[in-house]
Amino acid sequence: MTVDNTRTDAQWRAELSPEQYRILREHGTEPAFTGEYWDHHEVGEYCCAACGEPLFSSRTKFDSGTGWPSFYQALNADAVAEKTDSTHGMVRVEALCRRCGSHLGHVFPDGPAPTGMRYCINSASLRFQKNQD
Ligand code: FE
């Protein structure tokens, strides 16, 4: 389990829904095409559903066809941590909120230009904030 120093495990359990806890704190995955944001197109920022840190901009969101919200870039270099994940018989790169250590999804090197990266993120790990303009 990722070390987290913003909340205790008991606090996370109290604050998050059971589904969010399973995904964010136990490295779970929501079923494809079931989450709130895979087909969401409003302009704004996607924040960590656990700690509120801004993680992705709608400007870098693209339709990957996977059924999970997908981005080609994190909001900035400090927002999202990446870590090798060798579970489930695969070697993948896990994406985590750098601030609170919560699990977001995985990163794959098959995304669109300009980065060629695909951040495949669980809707349950995100909370959308619409731009105020
Ligand atoms: Fe967080």
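See the structure printed just above.
This one's a predicted model, so the numbers in the text were calculated from it and none came from an experiment.

1. Regarding unusual backbone geometry
Cis geometry marks the peptide bond from Ala113 to Pro114, where omega comes out at 10°. For Pro114, the location among the structural elements is in the loop between strand S7 (103-108) and strand S8 (118-121). A positive phi angle, near 65°, is found at Phe33, a position not held by glycine. Tracing the chain through its elements places Phe33 in the loop between helix H2 (18-25) and strand S1 (44-48). Overall, Phe33 belongs to the partly exposed group, its relative accessible area being 46%. Of note, His88 is a non-glycine position whose phi angle comes to about 60°, a positive value. Mapped onto the elements of the fold, His88 is located in the loop between strand S5 (80-85) and strand S6 (92-97). According to the relative accessible area criterion, His88 is exposed, its value standing at 66%.

Cut-offs used in this document
Residues numbered from 1 in each chain as written. Predicted model: local features only at pLDDT ≥ 70, side-chain atom pairs only at ≥ 80, totals over all residues. Heavy atoms only, no water. Helix = DSSP H or I, 4+ residues; strand = E, 2+ residues; numbered from the N terminus. Buried < 20%, exposed > 50% of the residue type's maximum accessible area, 1.4 Å probe, protein only.

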